[in-house]
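Residues per chain, in single letters:
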Amino acid sequence: MPAASWGAQRSYISDNNQAVLRLNSGDFLGGIELLKQSLDKLPGDETIRANLRKAYLAAGLAFLKRKDYATLEKVMLEAQQFDDRQRNFWLLRGHALLRLQRYDEAEVDLVQARGMGEPDAQLLYMLGQVYYATDRMSEAFDVLESAALLDSQHQEIGQMFDKVRRELAVEREMDKEYGGHFIITFDGDENSDLGLEVLKTLEDIYNDLGSRLDHYPDPRVTVILYSRKQFAELTRSPDWAGGLYDGKIRLPVGGINRVDERVKQSLYHEYMHVILRDIAGNNLPYWLNEGLAETAEREFGSTESAAFPLGQQQAKLFSLQVLEGPFRNYRGQQVMLAYEQSYSFVHYLIDEYGWVQMRELLFALADGLTISAAVDRAFGIYGVSYQSLEKNWRESL
Ligand SMILES: [Zn+2]
């Protein structure tokens, strides 16, 4: 063996050992980097190639476990470029893209993985989620049915299949209108232009609220206009609910034939939820989520905003801490108070400190801060805290 090749061989062994050490210690990217360097020196070496393949897979599984989907997506793209015949690389990247809500790309990778081996319930379940999120309900039904047959013990698959089956039964009879940022599903019996009118209203709302928070969600939002009865049956919402956003906007307004003031307000309310979810995920206290939705509904969606006087209710008011949790189980006057208070406090914040600080608060929550720490970051420069703001607001009533 010539001397130069000996040198490469020896450094490969030490690089390879180094790489294994790094991988074992959890430094996947460092290990991958070393193996790539070794492969540059000895491009034909099957052992290095096999180790790199294993390293990519180990890295993928580790990032999946950490829920670090952005890194997972990048590393798996690199892995595919290294070896595009590994089903797991497509599956893992598809999984990451699904969680990142990059549905069109997720579909490409998952469909690719689907064609590379035996039917797999988990894969079909993910594909079902992509179809569901992009409002292709029949496709979602088909793959979820297959997934449920393959793994009848999997609770989540069974539940989702059941949900899609029930929703599809209702939606099958309805019409659709497709726009740039929204897909509207509606009953066009009375007025076939209703979908188009809703779409136009929503595009205005998209710009109006988007510019206020300087945020324009990317994935197309599905909006379904149900009758009261369908809405109650499908969503199991409390009877006072005027709408719902659970990844799709669902409104109980069936039977209408034009977009009236009430529908417009509901669309403002629910679309604010869309923006907030897109910014901060689930790290949103209910008072903030509902307070901003009510602000959108009353101050943007309506010409007159009637606020309920809370001043005489002081003794009955909820603490903000209580209003951080869901309102679902409230009844009667409690519901009204919870919404009124949320609106009143959010209105107070915006009135005193403006939308820029409100945006700051939302993005602090997006970073995973607690509400108290997020308030410190957004409003701390004014010398106030979560507690003192609550006190000041109460005194202002
Ligand atoms: Zn709401």
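Below: a short report on this structure. Computed from a prediction, not measured in an experiment: that's the story for all the values here.

Turning our eyes to something else, we now look at the packing of helix 4 (residues 69-82) against helix 5 (residues 87-99). With their axes 8 Å apart at the nearest point, helix 4 and helix 5 run at an angle of 150 degrees to one another. As summarised for this structure, helix 4 and helix 5 are arranged roughly antiparallel, according to the angle between their axes. In the packing of helix 4 onto helix 5, the handedness of the crossing is left-handed. For the pair helix 4 and helix 5, the contacting residues are Tyr69, Leu72, Glu73, Met76, Leu77, Ala79 and Gln80 in the first and Phe89, Trp90, Leu92, Arg93, Ala96, Leu97 and Arg99 in the second. Here the residues of the contact of helix 4 with helix 5 are counted per class, giving ten nonpolar, one polar and three charged.

On to helix 6 (residues 103-114), then. Its twelve residues place the ends of helix 6 16 Å apart at the C-alpha level, agreeing with the 16 Å of an ideal helix rising 1.5 Å per residue. Inspection of helix 6 places Ala106, Glu107, Asp109, Leu110, Ala113 and Arg114 among the buried residues, and these make up the whole buried set. The secondary structure elements touched by the buried residues of helix 6 are helix 5 and helix 7 (121-133).

This part covers unusual backbone geometry. Although it is not a glycine, aspartate 214 sits at a positive phi angle of roughly 50 degrees. If you trace the backbone, aspartate 214 turns up in the loop between helix 10 (194-213) and strand 3 (221-226). Looking at aspartate 214, the number of C-beta atoms within 10 Å reads 9, which means it is exposed.

What you see with strand 5 (residues 249-252) is no split at all: Ile249 and Leu251 on one side and Arg250 and Pro252 on the other are buried throughout. Sheet topology note: the strand 3/strand 5 ladder contains four bridges and is parallel. Among the inter-strand pairings, tyrosine 226 is bridged to a residue of strand 5, identified as proline 252. Following strand 4 (residues 244-245), the chain reverses through three residues before pairing antiparallel with strand 5; glycine 247 in that reversal takes a positive phi of roughly 110 degrees.

Let us look at helix 9 (residues 155-171). Helical geometry: 3.6 residues make up each α-helical turn, so side chains three or four residues apart lie on a common side. Between its first and last C-alpha atoms helix 9 spans 24 Å; for 17 residues at 1.5 Å apiece the expected length is 24 Å, and the two agree. Turning to helix 9, its buried residues number three or more, namely Ile157, Phe161, Val164, Glu167, Val170 and Glu171. Packing partners of the buried residues in helix 9 comprise helix 7, helix 8 (137-150), strand 2 (182-186), strand 3 and helix 11 (228-235).

If you walk across this open sheet you meet the five strands as 1-2-3-5-4, and the pairing is mixed. The open sheet is flanked by strand 1 (175-178) and strand 4, the only strands paired with a single partner. Judged from the two bridges that link them, strand 4 and strand 5 form a sheet pairing that is antiparallel. Across the sheet, residue leucine 244 finds its bridge partner in strand 5, namely arginine 250. Each of strand 3, strand 4 and strand 5 touches helix 11; the most contacted strand, strand 5, lies at about 135 degrees to it. Set on the sheet, helix 12 (residues 261-280) makes contact with strand 3, strand 4 and strand 5; between it and strand 5 the angle comes to about 155 degrees.

Next up on the list: the nonpolar core. Judged by nonpolar contacts, the single largest core of 55 residues is most densely connected at Leu202, Val223, Tyr271, Met272 and Leu361. Here this core gathers at least three residues from each of two domains, domain 2 (173-274) and domain 3 (281-397). Ignoring anything within four residues of it in the chain, the contact list for leucine 361 reads Ala374, Val375 and Ala378. Counting 45 residues, the second largest nonpolar core, distinct from the first, contains Leu23, Trp90, Ala140 and Ala147.

With respect to the helices and strands, the residue leucine 35 is situated in helix 2 (residues 28-41). Overall, the presence of 28 C-beta atoms within 10 Å leaves leucine 35 in the buried class. On a C-alpha basis, the gap between leucine 35 and alanine 79 in space is 13 Å, while along the polypeptide they are 44 residues apart. If we ignore the near neighbours within four places in the chain, the residues touching leucine 35 are Ala19, Ile48, Asn51, Leu52 and Ala55.

Okay, the environment of tyrosine 386 next. Within the secondary structure, tyrosine 386 sits in helix 16 (residues 386-396). In this structure, the C-alpha to C-alpha distance between tyrosine 386 and isoleucine 183, residues 203 residues apart in sequence, is 39 Å. Contacts of tyrosine 386, omitting those with residues within four sequence positions, involve Ile371, Ser372 and Val375.

Reading guide: rules and limits
- Residues numbered from 1 in each chain as written.
- Predicted model: local features only at pLDDT ≥ 70, side-chain atom pairs only at ≥ 80, totals over all residues.
- Axes fitted to C-alpha atoms, helices over the stretch in contact; angles between N-to-C directions.
- Helix = DSSP H or I, 4+ residues; strand = E, 2+ residues; numbered from the N terminus.
- Parallel < 35°, antiparallel > 145°, perpendicular 65-115°, else oblique.
- Left-handed = near helix turned anticlockwise from the far one by under 90°.
- Contact = placed C-beta atoms within 7 Å.
- Nonpolar A, V, L, I, M, F, W, Y, C, P; charged D, E, K, R; others polar.
- Expected span 1.5 Å × (residues − 1).
- Buried ≥ 20, exposed ≤ 12 C-beta atoms within 10 Å, placed from the backbone.
- Pairing = 2+ DSSP bridges.
- Core = buried A, V, L, I, M, F, W, Y, C linked by C-beta atoms within 7 Å.
- Domains from an automatic or database assignment.

Nothing here speaks to function; it is all geometry.
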